[in-house]
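Residues per chain, in single letters:
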Amino acid sequence: MAKLGIMVRDTKYLEYVINTAKAAHTKGIQVEIFFTGKGVLLTQEPNFKELVDVANLYVCDVSFRANGLEGKEVPGVGFKQFVTQARNAEMIEDCDRYLVF
Amino acid sequence: MKILHVLKSEPDKTVNKFIDIISGEDKDIFVLYDTEVDWEKFVDEVFEHDKVICWW
Amino acid sequence: MKTLVVIVRDREQQYEALRSSLGALLEIPSVKMIVLDHEIEMHEAYKDNMEFLDEMEGERYSNNKANVEKYGFKYANIEEIGEMLKDADIVIPF
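Conventions and cut-offs
- Here, residues in each chain are numbered from 1, in the same order as that chain's written sequence.
- Throughout, the order in which chains and ligands are written sets their labels, letters from A for the former and numbers from 1 for the latter.
- Under the rules for a predicted model, residues below a pLDDT of 70 receive no local features and side-chain atom pairs below 80 are neither given nor counted, while totals for whole chains, interfaces and linings still include all residues.
- We count a stretch as a helix when DSSP gives it H or I for four or more residues in a row; a strand needs E for two or more, and each element gets its number in order from the N terminus.
- Within these notes, the globule rule equals 2.2 Å times the number of residues to the 0.38 power, and the radius of gyration is based on C-alpha atoms.
- With C-beta atoms placed from the backbone, a residue counts as buried when 20 or more other C-beta atoms lie within 10 Å of its own, as exposed when 12 or fewer do, and as partly exposed for counts between those limits.
- Residues are defined as contacting one another if the C-beta atoms placed from their backbone atoms lie within 7 Å.
- Residues are grouped as follows: Ala, Val, Leu, Ile, Met, Phe, Trp, Tyr, Cys and Pro are nonpolar; Asp, Glu, Lys and Arg are charged; every other residue, Gly included, is polar.
- Pairing between strands requires that DSSP locate at least two bridges from one strand to the other.
- Every crossover in which the path from the first strand over the helix to the second runs clockwise, viewed with the strands pointing away from the viewer, is termed right-handed.
- To obtain each axis, a line is fitted to C-alpha atoms, and for helices this fit is confined to the stretch in contact; angles are then taken between N-to-C directions over 0 to 180 degrees.
- Multiplying 1.5 Å by the helix residue count minus one yields the expected span of that helix.
- Values of pLDDT, the confidence the predictor places in each residue, fall between 0 and 100.

A.B. asks: I tried to follow the overall build of chain A on my own but got confused; where do I start?
C.D. replies: Broken down by element type, chain A carries three helices and five strands. Listed by position from the N terminus, the elements making up chain A come as β-α-β-β-α-β-α-β. The globule rule puts the C-alpha radius of gyration for 101 residues at 13 Å, and the 12 Å found for chain A is close to it. Each of the three principal axes of chain A carries a C-alpha extent, and together these read 35 × 30 × 25 Å. The buried share of chain A, taken over its 101 residues, is 50%.

Structure follows, in structure tokens:
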């Protein structure tokens, strides 16, 4: 199965991320998304939950805390999906294509 | 190597300069801003190219 | 062997970009971080991670001479940076 990795580091492009992930999922592509930097703020947006069924979601734990979100719930993201930058490195290595939003 | 340049917002002088250096005359660009995007086509294009750069 | 370039022009995320560059080195042997235009706002955590990047044999470049003179970045002009972006397998614009 083809794999698409997406890094989300900005807050401006959530719609693009959702649309890309849904389209890739429809095509049978496995989608992995890593939220980092300011991008973690998107985890609190109402439409973030649209990603839950179409992608494996990961959140940079350091960025999450640095942006004052510690203790906040994130749909579809369990304890083990709060990760370090090493997970992003694995994603870069594992995925067939890698996008940055 | 086939390179796809993805424009999330209007490119400035620096981005255009980089695209010129990287791809010269033969550039493949996919625009996501100010347009009706066919997202499945976008995903197809991403996988039809060897490398994708999503500019700022 | 994959090669990666992180190119940074969002001043607010200069530290995130450095952390991502460092993290990438865990999997990818060739990582270049390029600071475009602005001068780094140096602080202790940035300095520590920058030194760690050097120890891990990551490379750092800038077209801003203040970064070269004050913080030991290698100088690269826009054309040279463009060539680095062209040669890399993965480009992460920050």
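A.B. asks: Whenever I open this one, the interface of chain B and chain C confuses me. Can you help?
C.D. replies: Listed per partner, the contact involves nine residues of chain B and 10 residues of chain C. Elements with a contribution of two residues or more to the side of chain B that touches chain C: α1 (13–23) and β3 (51–54) of chain B. Looking at the side of chain B that touches chain C, the element that brings in the most residues is α1(B), giving four residues. By residue class, the composition of the side of chain B that touches chain C is seven nonpolar, no polar and two charged.

A.B. asks: How should the interface of chain C and chain A be read in this particular structure?
C.D. replies: Contact residues are listed per partner, giving 16 residues for chain C and 16 residues for chain A. Elements supplying a minimum of two residues to the side of chain C that touches chain A: α1 (14–24) and β5 (90–93) of chain C. It is α1(C) that contributes the most residues to the side of chain C that touches chain A, six residues altogether. Residue composition of the side of chain C that touches chain A, grouped by class: nine nonpolar, three polar and four charged.

A.B. asks: Honestly, the pairing of strand β2 (residues 30–35) of chain A in this entry has me stumped. Any pointers?
C.D. replies: Every other side chain in a regular strand lies on the same face of the sheet, so the side chains alternate between the two faces. All names here are of chain A. For β2, a buried count of five out of six residues is recorded, marking the element as mostly surrounded by other parts of the structure. Across six bridges, strand β1 (residues 3–8) lies against β2 in parallel orientation. Across the sheet, residue I6 finds its bridge partner in β2, namely I33. For the crossover from β1 across helix α1 (residues 14–26) to β2, the handedness is right-handed. Note that β2 and strand β3 (residues 56–60) share four bridges and pair parallel. When the bridges of β3 are listed, E32 appears paired with N56.

A.B. asks: What is the right way to read the sheet that holds strand β3 (residues 59–62) of chain C from this model?
C.D. replies: Sheets are built from strands paired through backbone hydrogen bonds, the pairs being either parallel or antiparallel. All names here are of chain C. If you trace the five strands from one edge of the open sheet to the other, you get β4-β3-β2-β1-β5, paired in parallel fashion. Edge strands, defined here as strands with exactly one partner in the open sheet, are β4 (74–75) and β5. Pairing of strand β2 (residues 30–35) with β3 involves four bridges; the strand directions are parallel. Within β3, the position partnered with M33 by the bridge is R60. In this fold α1 packs onto β1 (3–8), β2 and β5, with an angle of close to 175° to the strand it touches most, β1.

A.B. asks: What should I look at first to understand the pairing of β5(C) in this one?
C.D. replies: Residues and elements named next belong to chain C. Of the two faces of β5, both are covered, the one formed by I90 and I92 as well as the one formed by V91 and P93. Strand direction decides the pairing type here: β1 and β5, joined by four bridges, are parallel. If you follow I7 over to β5, its bridge partner there is P93.

A.B. asks: So what exactly am I meant to see when it comes to the sheet that holds strand β1 (residues 3–7) of chain B here?
C.D. replies: Residues and elements named next belong to chain B. Taken in spatial order, the three strands make up an open sheet running β2-β1-β3, and their pairing is parallel. If you trace the sheet from one side to the other, it starts and ends with β2 (28–31) and β3, each paired once. In this sheet, neighbouring strand axes are inclined to one another by 25° on average, regardless of whether the strands run parallel or antiparallel.

A.B. asks: Teacher, can you tell me more about helix α2 (residues 44–55) of chain C here?
C.D. replies: Spacing of three or four residues puts side chains on the same side of an α-helix, whose turn is 3.6 residues. Between the first and last C-alpha of α2(C) there are 17 Å, a value that for 12 residues agrees with the 16 Å anticipated at 1.5 Å per step. Of all the 12 residues making up α2(C), one are buried; the element is thus mostly uncovered.

A.B. asks: What's the story with unusual backbone geometry in this structure? I'm lost.
C.D. replies: With the exception of glycine, the majority of residues adopt a negative phi angle, and the majority of peptide bonds are in the trans configuration. Backbone geometry at B:D34 places phi at a positive 50°, although glycine is not the residue there. Structurally, B:D34 can be placed in the loop between β2 and α2 (39–48).

A.B. asks: Please clarify how the confidence of the model for chain B should be interpreted in this entry.
C.D. replies: Predicted coordinates in regions of low pLDDT should not be interpreted in detail. In the predicted model, chain B carries a mean pLDDT of 97, and the fraction of residues at 70 or more is 100%. For this predicted complex, the interface confidence comes out at an ipTM of 0.95, alongside a pTM of 0.96.

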